[in-house]
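Residue strings, one per chain:
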Amino acid sequence: MDTAEADARLLDAIRRDDPTAFETFVRRYGGRILGFGMHVCGEQEAAKDVAQETLLQAFQSLKDVQEPKALRSWLYRVVSNACLMRRRKKKYEPKRELSLEELMPSGPAEAGIEIPDARALPDDEAVREEVREAVHAGIRELPIDYGVVLLLRDIEQLSTRETAEALGLNASTVKMRLHRGRLMLRRVLAERLGRTAADAGGAS
């Protein structure tokens, strides 16, 4: 069963007040919402609170979602708004938007750094987990407006249209932030890899 068909059946069950619908909804989306909250909020307790609030709020309002294909973007809009409100209250949020020149890789070493795709790595779970954590940690260092677009497009695999709908943006803004976010992540990963190599060299 593909995603659209599964979402259509879920919405139908919710509209019929099927007593098993909430359990199905949590099983289908609970883990993804919690994981997304962890990446955006950066704190486990905050992520749990956001996940619980989102699941309850979303379930109560899902009858208003007319198109099954809109369910994912609508759900991520709810959790994104909750996470962004929490993050923007933190003092470490940037006071200004960085310019494209500041985001460009500053040298050949950074320019050659690619964002790893854990799915393309060998079947070594330890290596895959290390790569996933490096990417997620790097995304958490980005300004939230860029990091959340990167999470939705590259981690949650939403389309540009779905991401735009989830964040209340137009498609061109999503594409711009995705491009800049990837550049920033390359730079962050380059710095992390440089520190790791230096630490390894110092320990030898």
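The structure contained in this document is the topic of the report that follows. Since the model is a prediction, treat every value here as computed from it, not as a measurement. (Residues numbered from 1 in each chain as written. Predicted model: local features only at pLDDT ≥ 70, side-chain atom pairs only at ≥ 80, totals over all residues. Heavy atoms only, no water.)

Thoughts on the overall build of the protein chain
Along the protein chain, the regular secondary structure elements total ten helices and zero strands. Here the protein chain holds 204 residues, and the buried ones make up 39% of them. By sequence separation, contacts in the protein chain at least 24 residues apart represent 69% of the contacts at least 6 residues apart. In the structure as shown, the protein chain presents an accessible area of about 11,600 Å², 52% of it carried by carbon and sulfur atoms. (Helix = DSSP H or I, 4+ residues; strand = E, 2+ residues; numbered from the N terminus. Buried < 20%, exposed > 50% of the residue type's maximum accessible area, 1.4 Å probe, protein only. Contact = heavy atoms within 4.5 Å. Areas by Shrake-Rupley, 256 points an atom, 1.4 Å probe, with all protein chains shown as cover.)

A few points about the packing of aromatic side chains
Evaluation of the coordinates by the stated rule reveals four aromatic pairs. Between F22 and F59 the ring centres are 4.9 Å apart and the planes differ by 80°, which places this aromatic pair in the edge-to-face class. Residue F22 is located in helix 2 (residues 21-41), and its partner F59 is located in helix 3 (residues 44-61); the two are separated by 37 residues in the primary sequence. On the accessibility criterion, F22 (32% relative accessible area) is partly exposed. (Phe/Tyr/Trp six-rings, centres within 6.5 Å; stacked < 30°, edge-to-face > 60°.)

A word on helix 1 (residues 3-15)
Along its 13 residues, helix 1 runs 18 Å from first to last C-alpha, staying within 8% of the 18 Å computed at 1.5 Å per residue. Every buried residue belonging to helix 1 is among A6, D7, L10, L11, A13 and I14, and all of these are buried. The buried residues of helix 1 occupy an angular sector of 160° when projected down its axis, which confines them to one face. (Expected span 1.5 Å × (residues − 1). Arc of directions from axis to C-beta.)

Some words on the pattern of salt bridges
Within the structure shown, the criterion is met by seven salt bridges. Where E162 meets R72, a salt bridge forms, and the shortest distance between an N and an O atom there is 2.9 Å. Of the two residues, E162 is situated in helix 9 (residues 160-167) and R72 in helix 4 (residues 71-87); the sequence distance between them amounts to 90 residues. In terms of burial, E162 and R72 fall into one category: buried. (Salt bridge = Lys/Arg side-chain N within 4 Å of Asp/Glu carboxyl O.)

A short note on the packing of helix 1 against helix 2
It is the contact of helix 1 with helix 2, at a shortest axis distance of 9 Å, that shows an interaxial angle of 150°. The orientation of helix 1 with respect to helix 2, classified from their angle, is roughly antiparallel. For the crossing formed where helix 1 meets helix 2, the hand is left-handed. Contact residues: helix 1 offers T3, A6, D7, L10, A13 and I14, while helix 2 offers A21, T24, F25, R28 and Y29. Looking at the contact of helix 1 with helix 2, its residues break down into seven nonpolar, two polar and two charged. (Axes fitted to C-alpha atoms, helices over the stretch in contact; angles between N-to-C directions. Parallel < 35°, antiparallel > 145°, perpendicular 65-115°, else oblique. Left-handed = near helix turned anticlockwise from the far one by under 90°. Nonpolar A, V, L, I, M, F, W, Y, C, P; charged D, E, K, R; others polar.)

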